[in-house]
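So you can see what is in the structure, the chains are spelled out below.
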Amino acid sequence: MLDSNRSGPLVRESNGTKNSSCGSVSVGFPITMMVTGMVGNSLALILVYISYRKKENKRKKSFLLCIGSLALTDLFGQLLTSPIVISVYRADLRWDSVDSSGFLCAFFGVCMTTFGLCALFMASAMAVERATAITNPHWYSNNMKTSVTKQTLAVIWCLVLLFALLPVAGVGKYTRQWPGTWCFISTGDWDTPGNMFFSITFAALGIFSLLVTVSCNVVTIRGLILRCKTKSGTSLASKQWERLTTETVIQLLGIMCVLLICWSPLLVLMLRMISTQVSSHECSPTSLTAAHSSVRDVQLDCNFFLTAIRLASLNQILDPWVYLLLREILLRKFCLVANAVSNCSIEDQNGTQTALDALNKQNQESKALNKSQSA
């Protein structure tokens, strides 16, 4: 069954063809992404481990479990796929010299699907948890336990892995994608049983996860702002709540921007290529001239698809920063700067008011002096 996962003709190109058709093909991309992803996710795992041992609050432990699971998922996604891509580049883009049996392509496709959807659904789970904690804090504190978080994460992993294994069971197909250095879901082969269902379901699940994450984060931001207004005041607790609200809102906006920028192009382009029955593995010169009249349009789709998958992979690098590391490093500095600017404006207003009061006092004293002299 795995033999069916080997792609169609994706011939090796000459250097001139390679450079003219896709100038962005370079081994520097996967090497840079693997190194940066390993560093960021490793740092996040270390911080999560240290914080998890110190925290006694169950709510904070649940959040740390989610962050740690997401960082671990992203780290394994980088470790299992990037070395394969780098090996194919070192073999001068000849996949067959690295994977003569075809099993590696199926493994690569399963990894891409599993780690991609797991990251999206974990982000959705954390967004739902935050929205529940803000909108219904009493129910959340009574029912949300660490065991529930562990079970939810395990269910996400198992269901996504089962879905990713469907092509191995004969439903759908993984093929080599342009420029022949990676494997993913085939978007143009409708003759394979269940391939249309599998590719459309992947795109639909990804878009659904994005919508859930964005909707829950918007609900959370609205709830935080409403609570901040009710707790506004001059006390220390009110100022701390305002600072925490500002940090959280900035973080949630960053999460939404990163997810939408990284995943929307791939999911939308997949649906477009499915509707036009075009697959990225058809980008070799022989396949283009034989199968398509609009060579330039298909080549553009293939180049955009390569860029889109790199953006989706970039999400694995940015996740630990937007969820954990940047909150500790940048958000507090941003709030300190904002507070300093606010305090300066308040001091300027106070200084202006003090000067006006002094002038008014001098005028009143001079008037009183004139009256006494005239009398």
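Before reading on, note that the structure itself is shown above.
I will try to describe carefully the structure that is included in this document.

1. A look at the overall build of the protein
Point 1. Helix and strand content of the protein: 11 helices and two strands.
Point 2. Counting every position in the protein, which comprises 375 residues, the buried fraction comes to 45%.
Point 3. Taking contacts inside the protein between residues at least 6 apart in sequence as the whole, the part at least 24 apart equals 80%.
Point 4. In the structure as shown, the protein presents an accessible area of about 19300 Å², 64% of it carried by carbon and sulfur atoms.

2. Overview of empty space enclosed by the protein
Point 1. Counted under the stated rule, the structure contains two cavities of 30 Å³ or more.
Point 2. Quantified by volume, the largest cavity comes out at close to 440 Å³.
Point 3. The wall of the largest cavity is formed by 29 residues, among which Thr81, Phe108, Met112, Ile309 and Ser313 lie closest to the centre.
Point 4. When residues of the lining of the largest cavity are traced back to their parent elements, those giving at least two are α2 (28-54), α3 (58-90), α5 (103-135), β2 (182-185), α9 (236-275) and α11 (295-374).
Point 5. A volume near 40 Å³ is recorded for the second largest cavity.
Point 6. If you go around the second largest cavity, the residues you meet are Asn41, Ala44, Ile67, Leu70, Ala71, Asp74, Asp319, Pro320 and Tyr323.
Point 7. Top contributing element to the lining of the second largest cavity by residue count: α3, with four residues.
Point 8. When the residues that make up the lining of the second largest cavity are grouped by side-chain class, the tally is six nonpolar, one polar and two charged.

3. Brief notes about the packing of aromatic side chains
Any aromatic ring pair is given by two values, namely how distant the centres are and how the planes are angled relative to each other.
Point 1. Throughout the structure, instances matching the rule amount to eight aromatic pairs.
Point 2. Ring geometry for tyrosine 174 and phenylalanine 198: centres 5.9 Å apart, planes at 85°, overall edge-to-face. Within this pair, whereas tyrosine 174 is found in strand β1 (residues 174-177), its partner phenylalanine 198 is found in helix α8 (residues 195-230), the two being separated by 24 residues in sequence.
Point 3. Judged by its relative accessible area of 0%, phenylalanine 198 is buried.
Point 4. With centroids separated by 5.4 Å and ring planes inclined at 85°, the aromatic side chains of phenylalanine 184 and phenylalanine 202 adopt a geometry described as edge-to-face. With phenylalanine 184 in strand β2 and phenylalanine 202 in helix α8, this residue pair connects regions lying 18 residues apart in the sequence.

4. Remarks on the packing of α5 against α8
Point 1. Orientation of α5 relative to α8, taken along the N-to-C sense of each, is 25°, at an axis distance of 8 Å. With respect to each other, α5 and α8 are oriented roughly parallel. Along this stretch, α5 crosses α8, giving a crossing that reads as left-handed.
Point 2. Across the contact of α5 with α8, the residue classes tally to 15 nonpolar, nine polar and two charged.

5. Structural notes on the pattern of salt bridges
Point 1. According to the stated counting rule, one finds one salt bridge in the structure shown.
Point 2. Linking aspartate 96 and arginine 176 is a salt bridge whose minimum nitrogen-to-oxygen distance equals 3.0 Å. Highlighted residues: aspartate 96 in helix α4 (residues 95-98) and arginine 176 in strand β1, separated in sequence by 80 residues.
Point 3. Judged by its relative accessible area of 43%, aspartate 96 falls in the partly exposed class.

6. Notes on helix α7 (residues 146-164)
Point 1. The first and last C-alpha atoms of α7 sit 27 Å apart over 19 residues, in line with the 27 Å expected at 1.5 Å per residue.
Point 2. By the burial criterion, the buried members of α7 are Thr146, Thr149, Leu153, Ile156, Val160, Phe163 and Ala164. Each buried residue of α7 lies within a common arc of 135° when the element is viewed along its axis, so the set occupies one face. Residues of α7 that are exposed and angled more than 90 degrees away from the buried face: Gln151, Leu159 and Leu162.

7. A word on the pairing of β2
Point 1. Bridge count for β1 against β2 is four bridges, and the pairing is antiparallel. Looking across to β2, one finds that threonine 175 is bridged to phenylalanine 184.
Point 2. Hairpin connection, β1 to β2: the antiparallel pair is bridged by four residues, and glycine 180 has positive phi, about 95°.

8. Thoughts on the nonpolar core
Point 1. Trp182, Phe202 and Trp263 are the most contacted members of the largest nonpolar core, which totals 65 residues.
Point 2. Taken together, the elements giving at least two residues each to this core come down to α2, α3, α5, α7, β2, α8, α9 and α11.
Point 3. Once residues lying within four places of it in the same chain are set aside, the contact partners of tryptophan 182 are Val85, Trp95, Phe108, Met112, Thr175, Arg176, Gln177, Phe305, Leu306 and Ile309.

9. Here's the deal with unusual backbone geometry
Point 1. Positive phi, normally seen in glycine, also occurs at aspartate 92, with a value near 60°.
Point 2. By secondary structure assignment, the location of aspartate 92 is in the loop between α3 and α4.
Point 3. With phi around 65°, leucine 93 is a residue other than glycine that occupies positive phi space.
Point 4. Residue leucine 93 is classed as buried on the basis of its relative accessible area of 14%.

10. Re the environment of isoleucine 255
Point 1. One can find isoleucine 255 in helix α9.
Point 2. Judged by relative accessible area, which is 1%, isoleucine 255 ranks as buried.
Point 3. Spatially, the C-alpha atoms of isoleucine 255 and asparagine 217 are 8.9 Å apart, while their sequence positions differ by 38 residues.
Point 4. Each residue touching isoleucine 255, except ones within four places of it in the same chain, is listed here: Arg130, Asn217, Val322 and Tyr323.

11. Examining α2
Point 1. In this model α2 runs 40 Å from its N-terminal to its C-terminal C-alpha over 27 residues, within 8% of the 39 Å that 1.5 Å per residue would give.
Point 2. Listed in full, the buried residues belonging to α2 are Pro30, Met33, Met34, Gly37, Gly40, Asn41, Ala44 and Val48.

Definitions and cut-offs
- Residues numbered from 1 in each chain as written.
- Predicted model: local features only at pLDDT ≥ 70, side-chain atom pairs only at ≥ 80, totals over all residues.
- Heavy atoms only, no water.
- Helix = DSSP H or I, 4+ residues; strand = E, 2+ residues; numbered from the N terminus.
- Buried < 20%, exposed > 50% of the residue type's maximum accessible area, 1.4 Å probe, protein only.
- Contact = heavy atoms within 4.5 Å.
- Areas by Shrake-Rupley, 256 points an atom, 1.4 Å probe, with all protein chains shown as cover.
- 1 Å grid on protein atoms, 1.4 Å probe; cavity = no way out; pocket = protein on both sides within 12 Å on 5 of 7 lines; lining within 4 Å.
- Points joined across faces, edges and corners; volume = space filled by probe spheres on them.
- Nonpolar A, V, L, I, M, F, W, Y, C, P; charged D, E, K, R; others polar.
- Phe/Tyr/Trp six-rings, centres within 6.5 Å; stacked < 30°, edge-to-face > 60°.
- Axes fitted to C-alpha atoms, helices over the stretch in contact; angles between N-to-C directions.
- Parallel < 35°, antiparallel > 145°, perpendicular 65-115°, else oblique.
- Left-handed = near helix turned anticlockwise from the far one by under 90°.
- Salt bridge = Lys/Arg side-chain N within 4 Å of Asp/Glu carboxyl O.
- Expected span 1.5 Å × (residues − 1).
- Arc of directions from axis to C-beta.
- Pairing = 2+ DSSP bridges.
- Core = buried A, V, L, I, M, F, W, Y, C linked by side-chain atoms within 4.5 Å.

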